[in-house]
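Each chain, letter by letter, is given below.
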Amino acid sequence: MTSTALALDHVGICAQNLGPMTAQFEALGFSLSPIAQQSGRPTPDAPVELYATGNRCAFLKHGYIELLAILEPGRFDNGLSKFIARYEGLHILAMGMDDAEANLARMRRAGIPIPGVAHLERPVDKPDGPRAKFSRLPYPDAPEGRLQLITHHTPGLIWQERWMDHANQAVALTELLLVSAEPAVTAARLSKLTGLVIEPRGAGGFLLRFPGGAGVAGPQAPAMETRVSISAPEDLPATLPGVAIPDLPFMAGFWVQTSDGNAAVRRLLAHLPLVELPGGALMVPPAHAAGAALVFHP
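Residues numbered from 1 in each chain as written. Predicted model: local features only at pLDDT ≥ 70, side-chain atom pairs only at ≥ 80, totals over all residues. Heavy atoms only, no water.

A. Representation of the overall build of the protein in the model. Looking only at helices and strands, the protein has seven helices and 16 strands in total. Here the C-alpha radius of gyration of the protein, 18 Å, is about what a compact globule of 298 residues would show, namely 19 Å. When the backbone C-alpha atoms are referred to their principal axes, the protein occupies close to 50 × 45 × 35 Å. Within the protein, the fraction of its 298 residues that count as buried is 57%. Of the contacts made within the protein by residues no fewer than 6 positions apart, 67% connect residues no fewer than 24 positions apart. Side chains of the protein carry 23 positive and 27 negative charges; the gap between the two charge centres is 3 Å. (Helix = DSSP H or I, 4+ residues; strand = E, 2+ residues; numbered from the N terminus. Rg over C-alpha atoms; globule rule 2.2 N^0.38 Å. Buried < 20%, exposed > 50% of the residue type's maximum accessible area, 1.4 Å probe, protein only. Contact = heavy atoms within 4.5 Å. Lys, Arg positive; Asp, Glu negative; His and termini not counted. Charge placed at Lys NZ, Arg CZ, Asp CG, Glu CD.)

Structure representation (structure tokens):
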């Protein structure tokens, strides 16, 4: 088995309250999974406990979008309150892996001070029903947000057909853009985390390509290339026009591929101030997508 990241698994949008986020994403044409409160071990050797956090997700044929908020204040929130104190929006970048222990060993050789594999779980649809289980390798205290590698142990429980039929015809999560005052430093951190070589992009940016891995980002996911782009603040307007930077580093936006050339998006979202981008792509401004720029593309 390889010990590198294989795919863009999911991105996470974080806020204090779940309701407003889910209302916006349902209005954008996404079908969302039921509310699920998370459980896990606050430290590798601690017992499993109920967390303060919970989510709803838009599962795609490749990857997914997580909407994460505080459901029960006072419990362990796994750093979420720290993220949303900076801004509400994108804070989670999760990349799929197929061997947690091999990646843990590689990360430790690279000098990342990681205590061990973190194990989490959450109910699939009912509190007393089947539970989705996964393992994470987060980069400790990364200023960019929650940068992590992830393995899903029960992919068939979460990538279900009933949650992948989206009115906007979304089928794949393909890219995330991260803006940094020090793009080279952020790029080096991601290279250490993923085990992949970072490519130069433009004058001062960088590109991380994932080769794809069947089954890593869902049992129906084809092996397709996905990526993370890293840019300097002055380059953001050329990529995502009109997007303001609340703080740095900043996960500015993400790209979702549709199966119909954006026909459904144009029809469903005609009332929104969509921004036309090259190649027939359409950007939903952050104000209408829970603080993150969302780009639909053919």
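This is not the end of the story, as more comes after the structure.
B. Structural view of the pattern of salt bridges. Applying the stated criterion to the full structure yields eleven salt bridges. For glutamate 72, the salt bridge identified is with arginine 75, shortest N-O distance 2.9 Å. When its relative accessible area of 30% is taken as the criterion, glutamate 72 is described as partly exposed. One salt bridge in this structure joins glutamate 175 and arginine 201, with 3.6 Å as the shortest N-O distance. Remark: arginine 201 occurs in strand β10 (residues 199-201) and glutamate 175 occurs in strand β9 (residues 170-179); sequence separation between them is 26 residues. The exposure class of arginine 201 is partly exposed, given its relative accessible area of 35%. Here the salt bridges share partners, and the residues they tie into one network are Glu175, Arg201 and Arg227. (Salt bridge = Lys/Arg side-chain N within 4 Å of Asp/Glu carboxyl O.)

C. Examining unusual backbone geometry more closely. Here the amide bond leading from leucine 248 into proline 249 is cis, since omega sits at -5°, within 30 degrees of zero. Relative to the helices and strands, proline 249 resides in the loop between α6 (236-239) and β13 (250-258). In this model, alanine 290 sits at a positive phi of 60°, which is unusual for a non-glycine residue. Counting through the fold element by element, alanine 290 comes out in the loop between β15 (281-284) and β16 (293-297).

D. The arrangement of the environment of arginine 106 in detail. You can see arginine 106 is positioned in helix α3 (residues 100-109). Ignoring any residue separated from it by four or fewer positions in sequence, one finds arginine 106 in contact with Ser3, Thr4, Leu149, Lys192, Leu193, Thr194 and Gly195. Polar side-chain contacts of arginine 106 include one of 2.5 Å to the backbone oxygen of serine 3. (Polar contact = N/O pair within 3.5 Å; in protein donor to acceptor, adjacent residues only side chain to side chain.)

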